[in-house]
Amino acid sequence: VEAIFKTADDIRAHPGAYFGRAAGKIAATLFYEPSTRTRLSFEAAMQRLGGGVISTWDVSASSVAKGESLADTIRVVGSYSDIVVLRHPWEGAAKLAAEYAPVPVINAGDGRHEHPTQTLCDLYTLQERHGTLKGLKVALCGDLLNGRTVHSLTFALARLGANVIFVPGDGKEIPDHVLRRLERDYHAHIQREQLGVLSALFS
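Values in this document were obtained by computation on a predicted structure and should not be read as measured data. (Residues numbered from 1 in each chain as written. Predicted model: local features only at pLDDT ≥ 70, side-chain atom pairs only at ≥ 80, totals over all residues. Heavy atoms only, no water.)

Summed over all chains, the structure comprises one aromatic pair. An angle of 65° between the planes, with centres 5.3 Å apart, marks the rings of Phe-5 and Tyr-124 as edge-to-face. Taken together, the residues span a long stretch of sequence, with Phe-5 in helix 1 (residues 2–13) and Tyr-124 in helix 5 (residues 116–130) at a distance of 119 residues. Accessibility assignment for this pair places Phe-5 and Tyr-124 in one class, buried. (Phe/Tyr/Trp six-rings, centres within 6.5 Å; stacked < 30°, edge-to-face > 60°. Helix = DSSP H or I, 4+ residues; strand = E, 2+ residues; numbered from the N terminus. Buried < 20%, exposed > 50% of the residue type's maximum accessible area, 1.4 Å probe, protein only.)

Listed below in structure tokens is the structure:
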């Protein structure tokens, strides 16, 4: 993560030096769910690096509509490209795709599981604003049950030493599997608050 941040800093400081780094390379954006910002950000990034993009953003108009499996699709699309960016409604779809793809696969969101590239953007912004993530208090509020972005960010913050406070909306508690992983892998102390404390967190 720190190496990615250093590269991001260098790209921001010297954007022209990176143009052409991906010349002759093709990124395939394979989106089984609607997306605007995530898909276009990957496509714009590849083009700024001098590479090309092939894209499927309406799977109802692809062979998926005829019953083609994810494994078969990823084998074919991987043979056309040098990297695949995948968004899929199934938890674990990116991991499955990576097992069948002949090229690297980037997870652009898989069901209610994770959204690691969004997490990298969030972490980068927090570090830029606060100078460090270690010891930072971060309140994650709202729909903590279905938000794959929240799940990814929770694990990353715990891994990097931040203190996470969960402030769920009604019936939108953080899933038990997320809490178990936090305790098992990061020895995290779980702190929950109700929405009523939100104003106190920022006072």
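What follows covers helix 7 (residues 176–186). Three or more residues of helix 7 are buried, namely Val-178, Leu-179 and Leu-182. Projection of helix 7 onto a plane perpendicular to its axis shows the buried side chains occupying an angular sector of 100°, all on one side. Of the exposed residues in helix 7, the ones pointing more than 90 degrees away from its buried face are Asp-176, Arg-180 and Arg-184. Considering only its buried residues, helix 7 is in contact with helix 6 (148–159), strand 6 (163–168) and strand 7 (191–192). Where helix 7 ends, the next residue or the one after it, His-187, has phi of about 50°, a positive value. (Arc of directions from axis to C-beta. Contact = heavy atoms within 4.5 Å.)

Estimated volume of the largest pocket: approximately 1,400 Å³. If you go around the largest pocket, you meet 37 residues; those closest to its centre are Ile-11, Ser-41, Phe-42, Ala-45 and Cys-121. If you list the elements that add at least two residues to the lining of the largest pocket, you get helix 1, strand 1 (26–31), helix 2 (37–48), strand 3 (83–88) and helix 5. Here the element with the most residues in the lining of the largest pocket is helix 2; it accounts for nine residues. Volume-wise, the second largest pocket comes out at about 250 Å³. Forming the boundary of the second largest pocket are 13 residues, of which Val-1, Pro-116, Thr-119, Ala-156 and Arg-159 lie nearest the centre. Listing elements by their share of the lining of the second largest pocket, those giving two or more residues are helix 5, helix 6 and helix 7. In the lining of the second largest pocket, the residues fall into eight nonpolar, two polar and three charged. (1 Å grid on protein atoms, 1.4 Å probe; cavity = no way out; pocket = protein on both sides within 12 Å on 5 of 7 lines; lining within 4 Å. Points joined across faces, edges and corners; volume = space filled by probe spheres on them. Nonpolar A, V, L, I, M, F, W, Y, C, P; charged D, E, K, R; others polar.)

These figures come from the coordinates and say nothing about function on their own.
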